[in-house]
Amino acid sequence: YSRNPLIEVHTRFTYHHQSAALYGAVVVAFSNFITSKQQIMRPSHGIRMLGQQLIFSAALYLLATSCSLCHAETLLAGSYIVRSPGEASLIDIDQDVAAIRDSTNLTEIKDIYTNGKYAKPLTLQRLSTDAAHDYKGDPMYTFYKHAYLHIGLKEGEIAGEFDSNHIEQYADTLVKDLLEIDKENIAQEAILVNTIWMTVVFYLNGAAKSCRYPDVAEPYLYLDLAAGFYIGLGQDKGDDESGNMLYNLAEGISKDFNQDNGVSVVNEKILELLNDIKDNIIDKGLCSTHEENSYKKFRWNVGSIIGYMNVILVQRLIRHLLDGSDRDFMKMYALAILPQIRLCNPGAFDLMMNEFVGNTGDVDDPIGYMELLQSVYSCLGITCEMVGKFRGRDDGCVDRSGFPDDAVSYALMDRDMLEIEVLMEMEAYDAALDHYKYGRNSPDNWKFNTLWELATYDSVDTNLPLGQFINYNTENEKPVMNEYITSAIEGKSTFEYATKNQREWAVKRSLQGTLSYYAVMEKVTNALDLCGTTKKDQAVQEWDKALALAVGSIGEAMMIIDTAYEGYFGQTLLTLANEVCGLFGKCTASGEASIIDMWIDQNFRGLSFIEDDECLKLTQLVDTEVNPTLLVPIIQGILHYAVMNESLDEAQSDTLFAGEALARTVVPLINKENPEEAFLIQENMEFAQGTKYVKDGSENVFKAVATSLHGLSIDCSLIGKYAGLKYGNLCEEQKSSIGNDSAQPQEKTS
């Protein structure tokens, strides 16, 4: 730390408290912090950063809040009971927010924000400026940093800056900009929706994490901190006149949406969820048992709370959008919510950023933009019902996906894939692994469907594609799907010396290619097994889930709204197909992969066969069309990376593991009919320390693939011709391979 926190804290402590016992506890806390700092800071102990956060911040905040011990036993007249001794409810910060709200002097407001008034040495500004260290690794904070990184780049800023300040301090940047507007209540609301909102989310996520690792941190402390920041101590239950924090903001807007039942629906639900965590998880000792379901339920409740916190932002954005009362407030709330939308519908994000933030005049079509906002409610974990109707207006509300209800949650799994990519890009690896294993976007009762579940399996029939994949990797001592993905996220095993970008590509292409293909085929196989039985509805559901996994929610959104970011945001087989089709001349006039039209046609025919109990036709469709065409973009990707990487060494090529990941998908399938070709493709596309990548040349990889297409039931014309290569046409390579033995792949090298 650049400052000396011990001196600050000691001075603050001596001024407010003369309790030897408390002082002793603080000395122990700092002693623990100092003695364990070196071990905790090692990257291999990343999750133990939570322990550092507890030891340092809890002690600092405890001493910076002079009244917390005597006043923080309950909040809202007993609606929330504080369980952690001396819970740092930040009553002084609550008073700083109130002082800013009540002041009419801009100079005084800036001084309170920057230097503090009642909570020194803690200040409202420091909650943002210290976030780079304090919130490091938190998933939501990372998503916002990432969004403002790219907003800055789009505006021509230096990488890592937003409005000429570090992206880690985006909240401070926004607050200071809004302070200059000098409008009534804008300073207070800017602090609440940017700084305090993220602080509450951080402590909620910390509470969930401490439930998973109860030996490292105390769940009560983090949960009480979240409640204290959200409610504040000056707040009366259901009162929009008292209080200064987010609870008050929710009460103030609830009447406009007919959600005031004495207490706003939002606040009622948030308190209900907080108490459910305390009463039914922590109090029952479920965290201390290391029981996975308790952590899943904890995370579910935390996600639901964040969803209701998003309702506050959305309701206030809608009010300023529809009544046209104040563009500055509308811009403020748009910037507070849009970073979350960017990670699930980049096209909608661009449109709303341009209209709400970029433009200065009136919004041309407020109803249209409200409907656009409603279409991305699922990005925020909310629904039309949660938001309500503005002042009784019945403008309609559509927050549904185009996928059938039973398939929607599987379509949403591509958001987990994208968020994992972003978290890895921002080096939040613990959060990335947590997303992979426990999910975040695909609801299933009180938990989430997860990518880890799709990559983890019991014994599978070796006649099925997944069975062939498992059998091949087991026999050849290769990592299975989950092992490979987990190692890439953690930087272990094969990836111990891989670069950051190489690990990111390995995970992206593994999720997009290997996991997606086998997950789709598993659902297709389930539909085949159920066809002709009394469980026809379940067969239809499995078929729908297959399409949802292949297309994804982001892919669906991109089919509706054009975006320039498809190659980055797309995570499914559909977006992989769109990414590589141009390289092989297989795009339609609109730029989409021509194979996608075939998938849609196959989907409709398959549903018809299921409905009519024509199971033999369904089997033929799967074997001769569905399975082969799903492999087309994966094979195109392998060929592309063979060309792209053959002239680069392992240190130069970020995409080295991208080619390997895609090859891992098809090599086990090729091996069934063409083992020599499978061996050549594996040897050339697989990373081996100290060995040249694509050592036999991309031409031999093309020839091996061409020879293998028949065994995969793939028509060579579906692949197309790789532009600029004399051997880029696989159909010609097939003919040459059949007619000339010398054109067969060269003898393999050990």
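Residues numbered from 1 in each chain as written. Predicted model: local features only at pLDDT ≥ 70, side-chain atom pairs only at ≥ 80, totals over all residues. Heavy atoms only, no water.

A. Spatial organisation of the overall build of the chain. Each helix and strand counted, the chain has 36 helices and 6 strands in total. Residues classed as buried in the chain amount to 59% of the 750 residues present. Pairs at least 24 residues apart make up 69% of the contacts formed inside the chain by residues separated by at least 6 positions. A total of about 29700 Å² of accessible surface is found on the chain, and carbon and sulfur atoms cover 49% of it. (Helix = DSSP H or I, 4+ residues; strand = E, 2+ residues; numbered from the N terminus. Buried < 20%, exposed > 50% of the residue type's maximum accessible area, 1.4 Å probe, protein only. Contact = heavy atoms within 4.5 Å. Areas by Shrake-Rupley, 256 points an atom, 1.4 Å probe, with all protein chains shown as cover.)

B. Fine view of the state of the cysteines. All chains considered together, the criterion is met by 6 disulfides. Shown here is the disulfide that connects C384 with C397, its sulfur atoms set 1.7 Å apart. Judged by the torsion about the S-S bond (-80°), the C384/C397 disulfide is left-handed. In this pair, C384 sits in helix 19 (residues 384-387) while C397 sits in the loop between helix 19 and helix 20 (405-411), placing the two residues 13 residues apart along the sequence. Residue classification places C397 among the partly exposed residues on the basis of a relative accessible area of 34%. Residue pairing for C716: its cysteine sulfur links by disulfide to C731, the two sulfurs lying 2.0 Å apart. In this structure the cystine formed by C716 and C731 twists about its S-S bond by roughly 105°; its chirality is therefore right-handed. With a gap of 15 residues between them, C716 in helix 35 (residues 716-719) and C731 in helix 36 (residues 730-739) connect regions that are remote in the sequence. When its relative accessible area of 19% is taken as the criterion, C731 is described as buried. (Disulfide = S-S within 2.5 Å.)

C. The packing of aromatic side chains, seen in detail. In total, this model carries 23 aromatic pairs according to the counting rule given. Their ring planes at 15° and their centres at 5.8 Å tell us that Y203 and F229 sit as a pair that is stacked. Of this pair, Y203 sits in helix 11 (residues 186-212) while F229 sits in helix 12 (residues 219-231), and the two are 26 residues apart along the sequence. Residue F229 is classed as buried on the basis of its relative accessible area of 0%. For the cation-ring pair, R503 lies above Y429, with the distance from its terminal atom to the ring centre recorded as 4.2 Å. (Phe/Tyr/Trp six-rings, centres within 6.5 Å; stacked < 30°, edge-to-face > 60°. Lys NZ or Arg CZ within 6 Å of the ring centre and 35° of its normal.)

D. The pattern of salt bridges, seen in detail. Considering all chains together, one arrives at 34 salt bridges under this definition. The residue D260 makes a salt bridge to K255 at a minimum N-O spacing of 3.3 Å. Exposure remark for K255: the relative accessible area of 47% places this residue in the partly exposed category. The network of salt bridges with common partners includes K209, R212, R299 and D434. (Salt bridge = Lys/Arg side-chain N within 4 Å of Asp/Glu carboxyl O.)

E. Structural view of the packing of helix 14 (residues 265-282) against helix 15 (residues 292-322). Orientation of helix 14 relative to helix 15, taken along the N-to-C sense of each, is 165°, at an axis distance of 9 Å. Classed by the angle they form, the pair helix 14 and helix 15 counts as roughly antiparallel. Pair helix 14 / helix 15 crosses with left-handed handedness. Between helix 14, through V266, K269, I270, L273, L274, D276, I277, I281 and I282, and helix 15, the contact on the second element is made entirely by S294, K297, F298, N301, V302, S304, I305, Y308, M309, V311 and I312. Partitioning the contact of helix 14 with helix 15 into residue classes produces 14 nonpolar, 3 polar and 3 charged. (Axes fitted to C-alpha atoms, helices over the stretch in contact; angles between N-to-C directions. Parallel < 35°, antiparallel > 145°, perpendicular 65-115°, else oblique. Left-handed = near helix turned anticlockwise from the far one by under 90°. Nonpolar A, V, L, I, M, F, W, Y, C, P; charged D, E, K, R; others polar.)

F. Spotlight on the packing of helix 15 against helix 18 (residues 366-375). Between helix 15 and helix 18, the least distance of the axes is 10 Å, while the angle of their chain directions is 165°. Regarding the angle of helix 15 to helix 18, the classification is roughly antiparallel. Of the two possible hands of crossing, helix 15 and helix 18 adopt the one that is right-handed. The segment helix 15 lies against helix 18, with V314, L317, I318, L321 and L322 engaging P366, I367, Y369, M370 and L373. Here the residues of the contact of helix 15 with helix 18 sort into 10 nonpolar, no polar and no charged.

G. Expanded view of the confidence of the model for the chain. Looking at the chain as a whole, the pLDDT averages 85, with 85% of positions reaching at least 70. Every residue in residues 34-72 scores below 50 in pLDDT, and together they form 91 contacts with partners more than four places removed in sequence or on other chains. Per-residue pLDDT stays below 50 along residues 741-750; that stretch engages in 21 contacts with residues further than four places along the chain or on separate chains. (pLDDT = per-residue confidence, 0-100.)

H. Representation of helix 14. Over its 18 residues, helix 14 extends 25 Å from the first C-alpha to the last, a length consistent with the 26 Å expected when each residue adds 1.5 Å. For helix 14, the complete set of buried residues consists of V266, N267, I270, L271, L273, L274, N275, I277, K278, I281 and I282. Those residues of helix 14 that are buried lie in contact with strand 2 (80-81), helix 11, helix 12, helix 13 (246-254) and helix 15. (Expected span 1.5 Å × (residues − 1).)

I. How the structure looks around the environment of Y429. Within the secondary structure, Y429 sits in helix 22 (residues 429-438). Distance in space between the C-alpha atoms of Y429 and G137 is 7.6 Å, their sequence separation being 292 residues.

J. Layout of unusual backbone geometry. Following K120, the chain continues into P121 via a peptide bond in cis, with omega recorded as 5°. In this fold, P121 is placed in the loop between helix 6 (106-115) and helix 7 (124-129). Notably, N258 is not glycine yet its phi reads approximately 55°, a positive angle. Counting through the fold element by element, N258 comes out in the loop between helix 13 and helix 14. A positive phi angle is found at N445, which is not glycine, with a value near 65°.

K. Just the side chain of R316, in detail. Within the secondary structure layout, R316 lies in helix 15. The contacts of R316, once residues within four sequence positions are left out, are E189, L249, G252, I253 and Y333.

L. Molecular detail of the environment of Y230. Within the element layout of this structure, Y230 appears in helix 12. The buried category is assigned to Y230, whose relative accessible area is 2%. Through-space distance from the C-alpha of Y230 to that of M245 is 6.0 Å; in sequence the pair is 15 residues apart. Excluding anything up to four places from it in sequence, Y230 contacts V200, M245, L246, Y247, A250, V266, N267, I270, M309 and I312.

M. Spatial organisation of the side chain of H640. Tracing the sequence through the fold places H640 in helix 31 (residues 615-645). When sequence neighbours within four positions are dropped, the list of residues in contact with H640 reads L583, F584 and Y722.

N. Up close: helix 16 (residues 327-342). Taking 1.5 Å per residue as the helical rise, helix 16 with its 16 residues ought to reach 22 Å, and the 21 Å between its terminal C-alpha atoms agrees with that figure. Along helix 16, the largest kink reaches about 35° and is centred on A336; proline P339 follows within four residues of it. Buried residues dominate helix 16, accounting for 14 of its 16 residues. The opening residue of helix 16, the one whose side-chain oxygen lies 2.9 Å from the backbone nitrogen of D328, is D326. (Bend = angle between axes of the 7 residues up to and from the residue. Polar contact = N/O pair within 3.5 Å; in protein donor to acceptor, adjacent residues only side chain to side chain.)

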